Amino acid sequence: MASILEKIESHIQSHHLAPWEGTFRDYLPLLLQQPTIAQRAHARLYSMIKSAGVQIDEAGKEHYAFFEQELFGIDEPLAKVVEYFKAASLGSDVGRRILLLYGPPSSGKSQLVILLKRGLEEFSRSEAGAVYAIADCPQHEEPLNLIPHVLRRDFQDETGLYIEGELCPLCSLHLREKYHNDIYKVPVRRITFSEKERCGVGTFVPSDPKSQDIAELVGSIDLSTIGDYGSESDPRAYRFDGELNVANRGMMEFIEMLKADERFLYVLLTLAQEKNIKTGRFPLIYADECVVAHTNETEFNEFLADKKSEALHDRMIMVRIPYNLKVSQEERIYHKLLRQTDRQGLHIAPHALRVAAIFAILTRLEEPKIAGLTLLKKLKLYDGEDVEGFRQKDLKLIQEQAEREGMDGISPRFIINRISSSLIKPGRHCINPIDMLRSIKEGIESQGHFKKADRERYSQLIAEARREYDEIARNDVQKAFFVSFEQEATTLVDNYLDNVEAYLDHTKLTDPITGEEVAPDEKLMRSLEQKVQVPEHGKESFRNEIFRKVAMAHRHGETFDYTSHEKLKEAIEKQLFEERRDTIKLTISSRSPDTEQVRKLNDVIDTLVAREGYCAECANELLKYVSSLLAREK
């Protein structure tokens with residue numbers, strides 16, 4: 001593996017760009033060789049997203065690698081965002097719309113925009129994303145805008161490139177006075193986008209409408225140069241340094257857009273529909289840029305209800321960004337945020353983040369309207385598991401009955417704050433799942449913005465998450481007690497599959513000891529199936545489903561084992577746990593363990609540390625916890 005120094009050196013080399021400068025005459029051959037260097041802003045962003053890779057899943061849905069390391073569990077909203085860029089890249093009217101993201105706090109809106117901005121900066125450094133501009137243009141203008149209108153149709157017929165833009169006032173002046181209308185003499189250079197250097201990426205944050213100047217968006221008169229040029233309408237006396245000027249050819253982020261004063265929104269109206277910036281004393285200034293705005297749901301709803309804003313409604317593509325609803329993806333969010341934290345040697349026990357994620361997702365789910373479907377079942381369905389009475393094919397109907405799902409509940413930021421609170425407690429070296437739930441409960445009770453009804457509901461959901469952890473804890477202890485667990489599980493599942501195959505084929509099995517033909521062992525099969533609440537009338541479909549999974553695995557050249565089917569895995573684990581319950585209970589519940597029991601306990605702790613990611617402290621806590629669970633059972 002390359003060291004960090006080697007990676008830094010590789011990064012520097014790959015990002016080293018030989019400066020390119022020439023004239024418009026030199027630029028044209030480059031353009032004809034690589035027409036993408038003249039693509040418009042939305043097309044460039046779409047190319048950037050695609051360049052990272054696209055995967056298509058079994059359901060035919062596209063997943064974009066560009067987002068997968070930073071944004072989790074919001075694939076559908078991301079697909080709508082990409083759809084916007086794709087439609088706009090084709091030159092459709094969608095390119096004349098503002099992309100507005102709305103949703104609850106900490107749902108990923110800002111992170112998505114930051115990702116697009118940073119990605120665009122990187123893409124402009126690659127050959128595929130190369131950008132060229134008129135060298136002395138303050139708006140980094142596309143050189144093709146130099147071509148006179150009378151020649152543009154012929155140019156398009158020959159090259160297939162459509163020219164939409166107009167020269168900015170300063171470039172028009174330079175073309176007349178510096179280059180004497182000879183477009184071939186106009187200097188062109190390659191540029192790279194950079195928000196810090198105010199090139200191709202802009203950001204606007206609204207503040208007090210009484211004091212905020214519209215110049216922040218559209219630039220302003222440079223009073224110090226008016227004496228030199230004699231007129232405020234001379235473009236040389238104007239500063240093209242507004243965020244909309246800066247973002248030309250790239251994108252602009254409009255933070256909390258709906259907090260902005262109406263004056264600023266009207267400027268966006270013109271930009272969105274006409275691709276022009278209106279400033280005083282100048283004609284409309286052409287701008288090719290993608291405006292991505294974001295806001296919270298409350299202000300978004302007020303905006304929709306305001307009849308005065310209807311003109312702006314029609315000039316927006318609105319995408320709702322809800323909270324993630326998948327436990328596995330929620331864990332990835334926590335891992336990502338915790339990487340930025342200095343834990344100072346503190347250990348987070350296995351399942352601690354998962355238990356927090358289970359609670360967080362439960363708070364975001366709406367109560368099911370289908371009989372037999374609980375919140376926990378819904379949570380597992382959303383995470384890709386099949387549950388009793390429901391399959392993945394039922395998801396569409398379930399989701400249609402919960403239109404606001406993901407727009408309320410506990411945010412990832414709240415969970416991370418509670419984790420951070422746990423990390424700094426004196427004397428703490430490890431955070432286990434029960435510590436995590438306790439910290440979450442303390443946070444809910446201590447923060448005044450939670451309503452009484454919400455606090456009561458969240459307390460119930462914490463208890464639900466704890467019950468789910470009880471099963472996880474039992475399974476970890478069970479596996480650690482029997483090092484040969486996987487082999488025993490494999491033997492049991494093979495035995496089950498042999499009996500199911502004989503049952504479905506109406507054949508008999510050969511007894512391995514006597515050699516006699518015997519009927520399938522119904523008692524064994526039902527013993528496992530009842531562990532996961534498969535009713536008598538449902539055993540046939542359950543067994544057929546298992547064998548379809550086996551056949552599918554064989555067709556794909558894969559091995560079917562006890563983990564290949566979630567329900568079968570749960571049944572196998574419960575069966576083995578029951579068989580060994582007394583042994584485990586006797587060992588970990590003994591107040592005065594004998595030498596053999598002490599040896600076994602040490603072996604179990606060593607196994608938990610070596611194979612499951614526990615530390616000695618949380619492994620001991622796990623055994624104590626499971627001991628208390630067993631003590632409560634009859």
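Residues numbered from 1 in each chain as written. Predicted model: local features only at pLDDT ≥ 70, side-chain atom pairs only at ≥ 80, totals over all residues. Heavy atoms only, no water.

Caption draft 1: Layout of the packing of helix H15 (residues 352-364) against helix H19 (residues 433-446). Following both chains from N to C, one finds H15 and H19 inclined at 40°, their axes separated by 8 Å at the closest point. In terms of their interaxial angle, H15 and H19 are classed as oblique. Judged by the twist between their axes, the crossing of H15 over H19 is right-handed. Across from Ala352, Leu353, Val355, Ala356 and Phe359 in H15, the residues of H19 making contact are Pro433, Met436, Leu437, Ile440 and Ile444. For the contact of H15 with H19, the per-class residue count stands at 10 nonpolar, no polar and no charged. (Axes fitted to C-alpha atoms, helices over the stretch in contact; angles between N-to-C directions. Helix = DSSP H or I, 4+ residues; strand = E, 2+ residues; numbered from the N terminus. Parallel < 35°, antiparallel > 145°, perpendicular 65-115°, else oblique. Left-handed = near helix turned anticlockwise from the far one by under 90°. Contact = heavy atoms within 4.5 Å. Nonpolar A, V, L, I, M, F, W, Y, C, P; charged D, E, K, R; others polar.)

Caption draft 2: Quick look at the sheet that holds strand E14 (residues 316-320). In space, the five strands of this open sheet follow the order E7-E10-E13-E4-E14, with parallel pairing throughout. On the outer flanks of this sheet lie strand E7 (201-204) and E14, each paired with one strand and no other. Adjacent strand axes in the sheet meet at a mean angle of 20° when their direction is disregarded. Of the strand pairs in this sheet, E7 and strand E10 (residues 251-255) are connected by four bridges, and their pairing is parallel. Directly across from glycine 202, in E10, lies its bridge partner methionine 252. Most of the contacts of helix H12 (residues 297-305) go to strand E13 (residues 290-296), to which it runs at about 105°, and overall it touches strand E4 (98-103), E13 and E14. (Pairing = 2+ DSSP bridges.)

Caption draft 3: A look at helix H22 (residues 522-531). Along H22, the positions that sit buried rather than exposed are Leu524, Met525, Arg526, Leu528, Glu529 and Lys531. For H22, the N-terminal cap is aspartate 521; the gap from its side-chain oxygen to the backbone nitrogen of lysine 523 is 3.2 Å. Positioned one or two residues after H22, glutamine 533 has a phi angle of 55°, which is positive. (Buried < 20%, exposed > 50% of the residue type's maximum accessible area, 1.4 Å probe, protein only. Polar contact = N/O pair within 3.5 Å; in protein donor to acceptor, adjacent residues only side chain to side chain.)

Caption draft 4: Local environment of the pattern of salt bridges. Counted under the stated rule, the structure contains 46 salt bridges. Among the ionic pairs, glutamate 164 bridges to lysine 275, the shortest N-O distance being 3.3 Å. Here the residue glutamate 164 occupies a position in the loop between helix H6 (149-159) and helix H7 (169-177), and lysine 275 occupies one in the loop between helix H11 (262-274) and strand E11 (276-277), the gap between them amounting to 111 residues. Through salt bridges with shared partners, a single network forms among Asp93, Arg96, Arg97, Glu164, Lys275 and Asp288. (Salt bridge = Lys/Arg side-chain N within 4 Å of Asp/Glu carboxyl O.)

Caption draft 5: Region of the structure containing the sheet that holds strand E5 (residues 131-134). A sheet is described by the order of its strands in space; here three strands give the open sequence E1-E6-E5, paired in antiparallel fashion. In this open sheet, the two edge strands, each paired with only one partner strand, are strand E1 (21-23) and E5. Across the sheet, the axes of successive neighbouring strands diverge by a mean angle of 35°, strand direction being ignored.

Caption draft 6: Local environment of the side chain of serine 194. Looking at where serine 194 falls in the secondary structure, it is placed in the loop between strand E6 (187-191) and E7. Accessibility expressed as a relative area gives 14% for serine 194, which makes it buried. Within polar-contact distance, the side chain of serine 194 engages the backbone nitrogen of glutamate 197 at 3.2 Å. Once you skip the residues sitting within four places of it in the chain, serine 194 turns out to touch Glu121, Cys199 and Val201.

Caption draft 7: Molecular detail of the pairing of E4. The element E4 is largely enclosed, with a buried count of six among its six residues. Side chains Ile98, Leu100 and Tyr102 project from E4 onto one buried face, and the interleaved Leu99, Leu101 and Gly103 project onto a second face that is buried too. Sheet topology note: the E4/E13 ladder contains five bridges and is parallel. Bridge pairing in E13 links tyrosine 102 to threonine 295.

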